[in-house]
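Commentary on secondary and tertiary structure
Read off the chains here:
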Amino acid sequence: MKPKICHWTNTENWDGEHCISKVETKPHIKKYLKMSEEEEPVNMESMGHPEIYPLVLTTKTQEIFNCRMDEDVTEEVPYKLIKKEDIFEDFLNRAAVSDFYPVKKIIQEYPGDEILLVYDKDFKYGLNFYIIATEEGKENFLNPPEVQEEPEEYKEHIPEDVFVYIPPVSKPWVSLGSEKEIEEESVKASTKQITYMISRKRSQFGAPVTFSDQNASSVKDAYIECIAYRDKNFTLKQLEKDIGMQVIPQVKETSTQTKWTYPKNATTQYYPREFSEEEKETLGQSKSLADFLNNVSISVEIALQQNEIMNTFTDDWKNLAEEEGTFGDKSDTHLKEYQSFTDLHSPTEKMVTCVSWHPTIFGLIAVSVAVRLSFEDRVHFSGKLLLQPSLILLWSFSDPIHPQLMLESPDDIFCFEFCPSDPNIIAGGCINGQIVLWDITAQADRIENIKASGSRSKKVTLKPMFLLEPDSNKETMFIRHCAVSSIENGHKKVITDIHWLPDTFEVNRMGSVFENRNGISCQLITCSADCTICFWDIRPQKVVTPQTTEKKKEDIIEIPFDVPSTFLHLDLSWKPLAKIKLSKGETTLDHCPTRVSMNEDHLLYKTQDKILAQTKALKAGEINPYHNLEGGLSNPLKAIDDFCTKFFVGTEEGEVIYTDWKIERDPETGRLMTKKPVSLCTVHDGNVHTVQRSPFYNDIILTIGGWNVAIWKEGVLTGPLLQSCCAPKRYTSGHWSLTRPGVFYIGREDGYIDIWDLLEKTHEPAQSQNICITMITYIKPWTFSAKQQFIAIADYYGTLHILEIPWTLSHPSTNELSSVNYYFEREVKHLEYVEQRKSIREQEKKEMDLEMEKKKVKTYQKSKEQMEAELKLDYESYLDLEKSILINLGLIRPSEKVSYMDII
């Protein structure tokens, strides 16, 4: 049975005595008490106050918490702060009889320590008290915001009939059945959907599928074009349309503008404050001042001596800071697009195969392009490809549409390089295995200075593309090649890499190194997919004897007027000076080299000043040494004994080989053979695209191929110093930074470029940036000035992107060179430690095997007496164990002897 609920009130009789009378409970109080027993407490959310919870506090509760009506809480001060601890103590004493029990959950979840209890004298929320359940509501109640009253003068001028907008009060949403109307008006599919089932024979499961291309318009019933059209029979005119409207309060927008006053110059004159004569006399006789001067005089003397030794006014923060760049911010680490070049006049789709900046002309870059075809398609369309010229394009920043020059070649060029002694001579490697030479000396004046804003200067200042004024009337010049190597005696497949040898040495047929006789670069090294590495010499192999004028007239060969005769003696008869094959040893196959890196390659990064000096000398009137290559043949050769003839080679199988190019004679067969590789490591899981020495460290080599990258140190044969993990996409190209020792760039097949910074991370790239949507084929950075650098990135679709390198990637830190060098030395020590541990482990394993062998030998070498003694000891121990077990079981006494008959 439910207890009967009644309401007790505390009243006062006519004698002044207190008495408790039982009165009828009000309906809303009954409802509240019923709710406190069965349901959750109800707040005043319907009235816009979800933080208020009404309560009924009896006289007993009011006395306990000192909140008696009209005494402790009045109309002037209608609130009381009650601690949560007191309410929890009341829960323990009176349990469910407590008047705070209906809001027990609210009090437990309250974040503060004191709860605000408010006396509701007018029963505004239905009961005599209510609590505020949030800290924000308590703060608003105790400290209400001040409302500025309008002045009385302003109130008098306001007319009574002016409409004052009163914003509506939000109320809970009550459904009136509108959702049913919306559901009836919505469009539903009335027709049944058609289901198709496609099947095939069981025998055709897993069968290979072949796809082929065909012209859809030429095949009957293979192509049907369905074009949408308007059918007038089904054109309906809309006569009625349902539109929903929503009433919103009035919105008013205002704006203001602060008044700017004109600034005026103002000056203020200050006068120094001086002591009076009386104050000076007082200070002169002061003992405290004299003591102070005597105490600090020694410190002042030391400070003056230090000033003589070092400058105390030096700005240390300025010395710590690094030079600011002219573009970007130090926090900017992304490459910025500066310009792009695309050959719009080519009728076929081509890709960029090699990129090289001109060594002396700033803003000029050469690009070789090749037809984007597979080997089978190239053979199929060979007839059409012969009609199209294979070119090297020379682009200028001043004209991004028209190339400055076009160098023609017999076939597509896959690698080329400017001559380090004369930038007007270019050597390139073709896909058919031939080497091509160009001489653009006659066109040097045409491309020497870039036209920028109508001025000619030796070192042009690069400007954005939209500020340049290209000469639209200028026609692009086609330059024919001077010489082509012999097809029969050269490479049989595509030439993958080509390098000019420096002008400090030359190589003979046996690979021996001698001093350069001409003082200019006259030899090249190439590698090809036909498993050979060749050395080439552009000089005549024999000294030409003087001939009579009659014979000269008979031997004169007619050549085109626009082709220089610099290398006429090499055309179609040029043969390699020496040919090297890297044998695998155990088989008859050879390694297929793709990239080579010589010991003197790092010198080519620092020859720009030397080339400039040589070009100035040629302009002064000196004879070009390449026009008289026969003059140095009579000079005797001086051998260089301490020259390192070893070099690095990357192969198609992902191998990195460190070998010697010298040729020696086999003592058994008498044949000339190359030496065995010094080291061979299979690190990359694909074709090696880059083998490059660091511009800062002669013995540090970067190799890129397949899905990873590795860094090697010459002389360390145990393995790479750094080997990255598998990348998300295959690597296609890479290059060292020209100014930061620990930075290098790597291109991927998905158009991203990974930027590695060894000072920041050594296990993964420091950042990755998307450049294009296709494969990156070549990367070549270039230093324009001390404050500006560029990087050329070529892609598979034939576009050359010129990007500006940010400040953080172009300016090294103060100790970056030594820090990166220390990192490489630490990795070398780590490899040495690993090798030492391997040798120690192997020695320990050998010792353990010897001990095991000795133990086995000892067991077999025991005598008959030793074996009988061991058996006797085992038998006696067995008898002792047996006796102890029988004694424990109580079968025999300790003094008795054991016999087998007793046991039985």
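Residues numbered from 1 in each chain as written. Predicted model: local features only at pLDDT ≥ 70, side-chain atom pairs only at ≥ 80, totals over all residues. Heavy atoms only, no water.

**Notes on the pattern of salt bridges**
Throughout the structure, instances matching the rule amount to 17 salt bridges. For E714, the salt bridge is made with R693, and the minimal N-O distance between the two is 3.0 Å. Highlighted residues: E714 in the loop between β31 (708-713) and β32 (722-723) and R693 in strand β29 (residues 688-693), separated in sequence by 21 residues. Given a relative accessible area of 16%, E714 falls into the buried group. Between E816 and R740 there is a salt bridge, with its nearest N and O atoms 3.0 Å apart. Of this pair, E816 sits in helix α17 (residues 816-860) while R740 sits in the loop between β33 (731-736) and β34 (743-748), and the two are 76 residues apart along the sequence. Assessed through its relative accessible area of 7%, R740 is described here as buried. (Salt bridge = Lys/Arg side-chain N within 4 Å of Asp/Glu carboxyl O. Helix = DSSP H or I, 4+ residues; strand = E, 2+ residues; numbered from the N terminus. Buried < 20%, exposed > 50% of the residue type's maximum accessible area, 1.4 Å probe, protein only.)

**So, the sheet that holds strand β16 (residues 483-484)**
Overall, antiparallel pairing links the four strands, which are arranged β12-β13-β14-β16 in an open sheet. The open sheet terminates on both sides in strands that have one partner only, identified here as β12 (413-418) and β16. Strand direction decides the pairing type here: strand β14 (residues 435-439) and β16, joined by two bridges, are antiparallel. Each residue of the ladder has a partner; that of L437, found in β16, is A483. (Pairing = 2+ DSSP bridges.)

**Thoughts on the nonpolar core**
Grouped together as the largest cluster of nonpolar side chains are 22 residues, with contacts concentrated most on L437, W500, L524, I538, F567, W574 and Y626. Of all the secondary-structure elements, those providing two or more residues to this core are β13 (425-430), β14, β17 (495-500) and β21 (533-537). The element contributing the most residues to this core is β17, with three residues. Residues contacting I538, with those up to four places away along its chain left out, are L437, W500, S521, C522, L524, F567, H569, L570, W574, Y626 and L629. (Core = buried A, V, L, I, M, F, W, Y, C linked by side-chain atoms within 4.5 Å. Contact = heavy atoms within 4.5 Å.)

**Overview of a nonpolar patch on the surface**
Residues F275, L283, L289, F292 and L293 make up a contiguous nonpolar surface patch of roughly 470 Å² in combined accessible area. The greatest single-element share of the nonpolar patch, amounting to three residues, is contributed by helix α9 (residues 287-309). (Patch = residues over 30% accessible without salt bridge, like charges linked within 9 Å, V, L, I, M, F, W, Y side chains within 5 Å. Areas by Shrake-Rupley, 256 points an atom, 1.4 Å probe, with all protein chains shown as cover.)

**Overview of the packing of aromatic side chains**
For any pair of aromatic rings, the description rests on two quantities: the centre-to-centre distance and the angle between the ring planes. One pass over the structure, following the stated rule, counts 29 aromatic pairs. Plain terms: the ring middles of F341 and W395 are 5.3 Å apart, the flat faces sit at 35° to each other, and that makes the pair tilted. Residue F341 is located in strand β7 (residues 336-342), and its partner W395 is located in strand β10 (residues 390-396); the two are separated by 54 residues in the primary sequence. Taken together through their ring pairs, the aromatic side chains of Y338, F341, W357, F362, W395, F397, W782, F784 and F790 make up a single cluster. Positioned over the ring face of F91 is K104, at 5.8 Å from the centre of the ring. (Phe/Tyr/Trp six-rings, centres within 6.5 Å; stacked < 30°, edge-to-face > 60°. Lys NZ or Arg CZ within 6 Å of the ring centre and 35° of its normal.)

**Observations concerning the environment of I771**
Residue position: I771 is located in the loop between β36 (767-770) and β37 (776-785). In this structure the C-alpha to C-alpha distance between I771 and K336, which are 435 residues apart in sequence, comes to 9.7 Å. Not counting residues up to four positions away in its chain, the partners in contact with I771 are G751, I753, I776, I793, H801 and L803.

**Description of a negative patch on the surface**
Together, E179, E181, E183, E184, E185, E240 and D242 give the surface a local cluster of negative charge. Note on placement: E183 falls in helix α7 (residues 178-185). (Lys, Arg positive; Asp, Glu negative; His and termini not counted. Charge placed at Lys NZ, Arg CZ, Asp CG, Glu CD.)

**Points about the pairing of strand β23 (residues 593-597)**
Of all five residues that make up β23, four are buried, and the element is covered over most of its length. Note: β23 against strand β24 (residues 646-651), four bridges, orientation antiparallel. Residue pairing in the sheet places S597 in a bridge with F648 of β24.

**What about the side chain of D537?**
Looking at the secondary structure, you find D537 in strand β21. The class for D537 is buried, based on a relative accessible area of 7%. Polar side-chain contacts of D537 include one of 2.9 Å to the side chain of R539. Ignoring any residue separated from it by four or fewer positions in sequence, one finds D537 in contact with C522, Q523, L570, W574 and L577. (Polar contact = N/O pair within 3.5 Å; in protein donor to acceptor, adjacent residues only side chain to side chain.)

**Some words on the confidence of the model for the protein chain**
In this model, the protein chain carries a mean pLDDT of 77, and residues with pLDDT of at least 70 account for 79%. Note that residues 450-473 has pLDDT below 50 and, in this model, 37 contacts with residues that lie over four places away or in other chains. (pLDDT = per-residue confidence, 0-100.)

**Section: the sheet that holds β33**
Pairing is antiparallel in the open sheet, where four strands are placed in the order β33-β34-β35-β36. Edge positions in the open sheet fall to β33 and β36, since each of these has one partner strand only. Along the sheet, successive strands turn relative to each other by an average axial angle of 20°, direction set aside. (Axes fitted to C-alpha atoms, helices over the stretch in contact; angles between N-to-C directions.)

**A closer look at unusual backbone geometry**
Most of the time, phi is negative for any residue but glycine, and the peptide bond is trans. The backbone of D70 shows a phi angle near 65°, a positive value even though the residue is not glycine. Note on placement: D70 falls in the loop between α2 (59-64) and β4 (79-83). Its identity as a non-glycine residue notwithstanding, F123 has a phi of 50°, on the positive side. With respect to the secondary-structure elements, F123 resides in the loop between β5 (114-119) and β6 (129-132). Owing to a relative accessible area of 40%, F123 belongs among the partly exposed residues under this scheme.

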